[in-house]
Amino acid sequence: MSREDRLPRPSESALLLSFLNEHGLLLQQDKVLPNAVAILAGETLAGSWWSHPRAAVIFRCLSELADHPDVLQTKLVSGKVTFVYRRLWPMLLAVASAHETWQLDGLSNAAKRLFDRLEADHELLASGAPAKEIERRLLAHGEQVHTNSGRHATRLETWEAWSKRVRCNNKLTAEEGRRALEEAVRLMGGGELPWEKSRSRRAP
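Residues numbered from 1 in each chain as written. Predicted model: local features only at pLDDT ≥ 70, side-chain atom pairs only at ≥ 80, totals over all residues. Heavy atoms only, no water.

Draft legend 1. Expanded view of unusual backbone geometry. Of note in this structure, His-122 is not a glycine but carries a positive phi near 75°. Position of His-122 relative to the elements: it lies in the loop between helix H7 (109–121) and strand S4 (123–126). Located in the positive-phi region is Leu-138, a residue other than glycine, with phi close to 60°. Secondary-structure assignment places Leu-138 in the loop between helix H8 (129–136) and strand S5 (141–146). Classification of Leu-138 as buried rests on a relative accessible area of 0%. (Helix = DSSP H or I, 4+ residues; strand = E, 2+ residues; numbered from the N terminus. Buried < 20%, exposed > 50% of the residue type's maximum accessible area, 1.4 Å probe, protein only.)

Draft legend 2. Expanded view of the packing of helix H2 (residues 12–23) against helix H4 (residues 55–67). For the pair H2 and H4, the least separation of the axes is 9 Å and the interaxial angle reads 45°. It follows that H2 is oblique to H4 by the angle criterion. Relative to H4, H2 is oriented so that their crossing is right-handed. Of the residues in H4, those in contact with Glu-12, Ser-13, Leu-16, Leu-17 and Leu-20 of H2 are Val-57, Cys-61, Glu-64 and Leu-65. Taken together, the residues of the contact of H2 with H4 sort by class into six nonpolar, one polar and two charged. (Axes fitted to C-alpha atoms, helices over the stretch in contact; angles between N-to-C directions. Parallel < 35°, antiparallel > 145°, perpendicular 65-115°, else oblique. Left-handed = near helix turned anticlockwise from the far one by under 90°. Contact = heavy atoms within 4.5 Å. Nonpolar A, V, L, I, M, F, W, Y, C, P; charged D, E, K, R; others polar.)

Structure representation (structure tokens):
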């Protein structure tokens, strides 16, 4: 690959944002579904993109997309990092803040304790399996950060605190939010949403 291919192309970040604006959802990486890494690499990658010749460009563009004021990054589709465009935020907020059975049933004791602390403090740093449980069940907004010690951690924030910070109002029911997100996933080409995964676990 030439040196030019390793450099960011002027329109690449804008291309990702345009795709997200049109479809509402975009996975960070996937072997089948539309995803940002494949768009930037020009090919579908089976493994980590960190070893790809355009890794620096991919990192920069993903960071720019995640930092955009109209983009939310969360574990939504198939448990993977998903970029969500602003127009779908009220739908996501309606579902995530409902605290329904699929979010709470079967939660580990460690995750329950973490969730109780989060509800009291509204924001905290966490790591490990309990934090991942909280994120995958949409019980909080999670963001990867570097701590002062140089380690990675997840900054968890209640959806109430997040909605106030980004000024996202919710006037929808959880059912209305689920239907809208399910339609967006269908139009994207498929993928499993957290409440659908819960249904499949309960199926005989």
